[in-house]
Amino acid sequence: MLRFEVVTDIGKKRTVNEDSAAVFAIQDGPTLAVVADGMGGHRGGDYASSTAVRILGEQFMKVDGPSSMEEEDWKEWLLETVLHVNRTLFDVAESDDEYKGMGTTLDAVLLYGNKGLVTHIGDSRVYTINRNEILQITKDHSFVNILLDSGEITEEEAARHPQRNWIMRAVGSEKSIMPDFYQIQLDEQTYVLICTDGLSNKVDNEQIQAIVTSDGDLHDKAVKLVELANELGGEDNISVILANSSASEVSQQ
Amino acid sequence: MIGKRIGGRYEVLRGIGEGGMSKVYLAHDIILDRDVAIKVLNYDFANEQDLKKRFQREALSATSLTHPHIVNIFDVGEDEELHYLVMEYIEGQTLKKYIQMNGPLRVQEAVRIMRQLVSAIANAHHNGIVHRDIKPQNILMDSEGNVKITDFGIAMALSATAHTKTNSVIGTVHYLSPEQARGGMATKKSDIYSLGIVFYELLTGELPFSAETAVAIALKHLQEETPSVRLAFPGIPQSVENVILKATAKDAAYRYQSVDEMYDDLLTVLSPERQLEEKFTIPFDDDRTRVIPVITDTSKADHSEKTKIIEPVVPEPVPQSKKKRKKWPIIVGVTALLVAIAALLIIFWPSLFGPKTALIPEVVGLEEAEAVSLLEENGFVVEDKVEDYSEEYPAGQVFKTNPEADKKREIGSAVTIYVSIGKETTELTNYVGRDYDDEIVNFLEGFGFKIAEPEWVYNDAPKGQILKQTPEPGEDVVPEDTEIVFTVSAGKEMKTLADLSDYTEDELKEYAKNSKFNIRIVKREEHDTVKEGHVISQDQPANSELEIGSLVNVVVSKGKEKKPIKYIPTIVDIPYKPSNNGEEDDEASDPEPQTISIYIQDSKHSMAEPVVEFTITEDTQREIIVALEDGQRGQFQVRRGSEIIAEKTINYDDE
């Protein structure tokens, strides 16, 4: 049985929560968990992230014969839907000054059986976490991360780079985009964490792992992650989706 | 916006430009009756007070610049949510537009424009202001073809926001120096780099580095050599191309030492005697190319001198390899190959070299004189000495030779020694007036400075502002060996206000003296329980933290409220009583006057003396008034001689 928790929090400094996060489940079928961190413009950020999550959810619930779909079909569906969201947002941004420059990160994770299919754009992150390790599945599409990858700057330089808030790919900010796809394998001891940079910029991997793998209820863990990010400054909005495939089965053993 | 009046005096006429973060309007200043350009920031500062302060500081510092090729800033203001800059209005277009329409420009025109730009930036640098974002979009050209630079320091100040930005709103990185791309601080040398890129664009009508995304462009700035303008336009003199190559050297140390030097170069760049100038090349120096000093803007050593001394390692190669020389790794490859071939030659034909060669001895770490004599003992000639900074070796010691130790060379060949002049120093920037925060600490620590715990002092300056720094600004220091101590304003001194209730006036005076609060008695009023002269209340709550010198108003008691004196009248009948021995019906005789005394005990009288005495000859009515204060008890007696005719005790509360 798949269990999940969604927490989104405005943080301590911002006046608007530009993050959106939601989980959509098809009866006896797959589950889609979506996190989006909107940005730009007066009203754009909030609109971009909530619209992205809404459209993904609507399209997901309308999928024809979900049980007959293979991984390749889902991948195609995800790509098409994300491109559709991009076009929708881009058109609004182009035609309305109020939304100019808006965009959103998007991480959509389709969970079915013991597998996960990750769609990723921007600098929100997907992790898999168990007692042994915490793995960052997604690569940030940020200016500094690419410089870091190319070996031009060090971790330390990246951490204080003035342009560390620049992202090179976002949904809605360009006419055409290409999301990254990743596959993940799940087991009973492994958690999936999807979060915005409000969490990952504040709480380091060891702390995240310690909280997620501690004893206790899924809800408390998700809340604890958000609380910790707030304690450490809470400069940004914080969103967390925490999922685990079979907490109940574990307790039955 | 059109038709709106901003700041009470600027009437917006029409839009004239738009950037990622701002819009520019033509407006009319109704006070000075002139046209101005207003740049309105498309930015929500609501939750970014630091950023707002930084923007205003940068903008204000730019208002101090006056130069024929700098756009004058008249005013910086905010009108409700709007933040704006009021600038000189230039009728014309941006240099970007001009290049798009007219590029590539003739060499003479490009040089003329560059001289104007460089003189403007020189003026700013002399005033301690680094532009940080020089690009043709920030340069305006008037109808006579003269250029003026705008937006000093502002765009970059704004990019410091914590909000995530997408590709579509981040500014151009086409003119960004490698050190800025790396996230280092923009220096005067970064402006020189950007000027070099602008010169390239003027001459070719194109950008030297283009790519799909900002980061791909940034990577090219970091990794690729500036392309040759002569490749596409062979008519451009080498001396002109050299200005670009020197200005855009990846390593800031090889650029012009100052814009003044660049300006001097531009003055003579078209003169006939420079027609046959050699192509500018960066001396091959392994140490140098690895370390790009980000903060330096005033290195002491004159690298341009040095470039003439050091022989390029690779001798002038055969023509077809010329193109490849642009990339160092390839040069290194070529060198390695040459060395490998040399090694093979040595192995297979040792006799060719045999007796005439020797190994270069290890002299690194020796004093200069010892090193020279050791090299000479081994049969080599020290022809060149290069002085440069060394992180490892103290001043006076050799830190490197070329060729290096253990290389086999012909006896009698020349060896260059590199003598340390100590660690590289950096001119310390002035941080006074900035806010002391993590950003500044991280930034300086990034260069190896140690940052001491700041000294907090109470001061009128806003809390967190740096008041003083040791070492002083402008001092040349070695970051790793330098601890910077900031003196930071703790804001005004705060003190806890005591509970002043029931203080006497003397105690108040004493407390005011000790606490340095300004305590003022603003009112005296009656009070049921607080005794006269004692404090009843204070307008700032007890235990609140207040700035020293704050005004505290107190109310002092006048004691209990006094009720008015009551005047209680009593009508008393005083009968006339004929004397016993008189005839009762002797009506003819006059009645004998009788003396009546009235005694009153009240707030004004005591019973010791009669209040009044009078005589009566008939029954008389008299009103006796007893004056009583609150709570008093009074009485009166009416006496005839010693006989009491009437008496009454009266209480204040009677009636």
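Cut-off values and rules
- Residues numbered from 1 in each chain as written.
- Chains lettered and ligands numbered in written order.
- Predicted model: local features only at pLDDT ≥ 70, side-chain atom pairs only at ≥ 80, totals over all residues.
- Heavy atoms only, no water.
- Pairing = 2+ DSSP bridges.
- Helix = DSSP H or I, 4+ residues; strand = E, 2+ residues; numbered from the N terminus.
- Axes fitted to C-alpha atoms, helices over the stretch in contact; angles between N-to-C directions.
- Salt bridge = Lys/Arg side-chain N within 4 Å of Asp/Glu carboxyl O.
- Buried < 20%, exposed > 50% of the residue type's maximum accessible area, 1.4 Å probe, protein only.
- Phe/Tyr/Trp six-rings, centres within 6.5 Å; stacked < 30°, edge-to-face > 60°.
- Lys NZ or Arg CZ within 6 Å of the ring centre and 35° of its normal.
- Polar contact = N/O pair within 3.5 Å; in protein donor to acceptor, adjacent residues only side chain to side chain.

Enquirer: Account for the sheet that holds strand S32 (residues 643-651) of chain B, naming residues and giving values.
Expert: All names here are of chain B. Reading across from one edge, S29-S28-S31-S32 is the order of the 4 strands in this open sheet, with antiparallel pairing throughout. Edge strands, defined here as strands with exactly one partner in the open sheet, are strand S29 (612-616) and S32. Between one strand and the next, the sheet's axes are offset by a mean angle of 15°, whatever the strand orientation. In the sheet, strand S31 (residues 633-640) pairs with S32 via 8 bridges, with the strands oriented antiparallel. By the bridge assignment, Arg-633 is partnered in S32 with Asn-651.

Enquirer: With reference to specific residues and values, describe the pattern of salt bridges.
Expert: With the rule as written, the count across this model stands at 24 salt bridges over all chains. In this structure, Asp-180 of chain A and Arg-169 of chain A form a salt bridge, with 3.2 Å as the shortest nitrogen-oxygen distance. Here Arg-169 of chain A lies in the loop between strand S9 (166-167) and strand S10 (180-185) and Asp-180 of chain A lies in strand S10, a separation of 11 residues in the sequence. Residue classification places Arg-169 of chain A among the partly exposed residues on the basis of a relative accessible area of 27%. Of the charged contacts, one joins Lys-39 of chain B and Asp-151 of chain B as a salt bridge, the two residues approaching to 2.6 Å between their closest N and O atoms.

Enquirer: An account of the sheet that holds strand S11 (residues 191-195) of chain A is requested, with residue identities and associated values reported.
Expert: All names here are of chain A. Spatial strand order, S1-S12-S11-S7-S8: 5 strands in an open sheet with antiparallel pairing. One side of each edge strand has no neighbouring strand; the edge strands of this open sheet are strand S1 (3-9) and strand S8 (134-136). Averaged over neighbouring strand pairs, the angle between their axes works out to 15° when direction is ignored.

Enquirer: Let's hear about unusual backbone geometry: which residues, and what values?
Expert: At the junction of Gly-103 of chain B and Pro-104 of chain B, the peptide bond is cis and its omega measures out at -10° in the coordinates. Here Pro-104 of chain B lies in the loop between helix H2 (95-102) and helix H3 (107-126). A cis amide bond links Asn-402 of chain B with the next residue in sequence, Pro-403 of chain B, at an omega value of 0°. For Asp-28 of chain A, which is not glycine, the phi dihedral falls at a positive 55°. When you line up the elements, Asp-28 of chain A lands in the loop between strand S2 (19-25) and strand S3 (31-39).

Enquirer: Account for the packing of aromatic side chains, naming residues and giving values.
Expert: This model, assessed by the stated rule, comprises 12 aromatic pairs over all chains. Between Phe-143 of chain A and Trp-166 of chain A, the aromatic rings sit 5.1 Å apart at their centres with planes inclined by 70°, giving edge-to-face as the arrangement. Here the residue Phe-143 of chain A occupies a position in helix H3 (residues 143-149), and Trp-166 of chain A occupies one in strand S9, the gap between them amounting to 23 residues. The exposure class of Trp-166 of chain A is buried, given its relative accessible area of 4%. An aromatic cluster of three or more residues is present, and its members are Tyr-431, Tyr-436, Trp-456 and Phe-486 of chain B. Against the face of Tyr-418 of chain B rests Lys-400 of chain B, its NZ or CZ located 4.8 Å from the ring centre.

Enquirer: Go over the environment of Thr-138 of chain A, please, and point to the residues and values.
Expert: Residues and elements named next belong to chain A. Mapped onto the fold, Thr-138 is located in the loop between S8 and H3. Separated by 14 residues in sequence, Thr-138 and Ser-124 have C-alpha atoms that sit 8.2 Å apart. A polar side-chain atom of Thr-138 sits 3.1 Å from the main-chain amide nitrogen of Val-126.

Shape is all these values report; function is a separate question.
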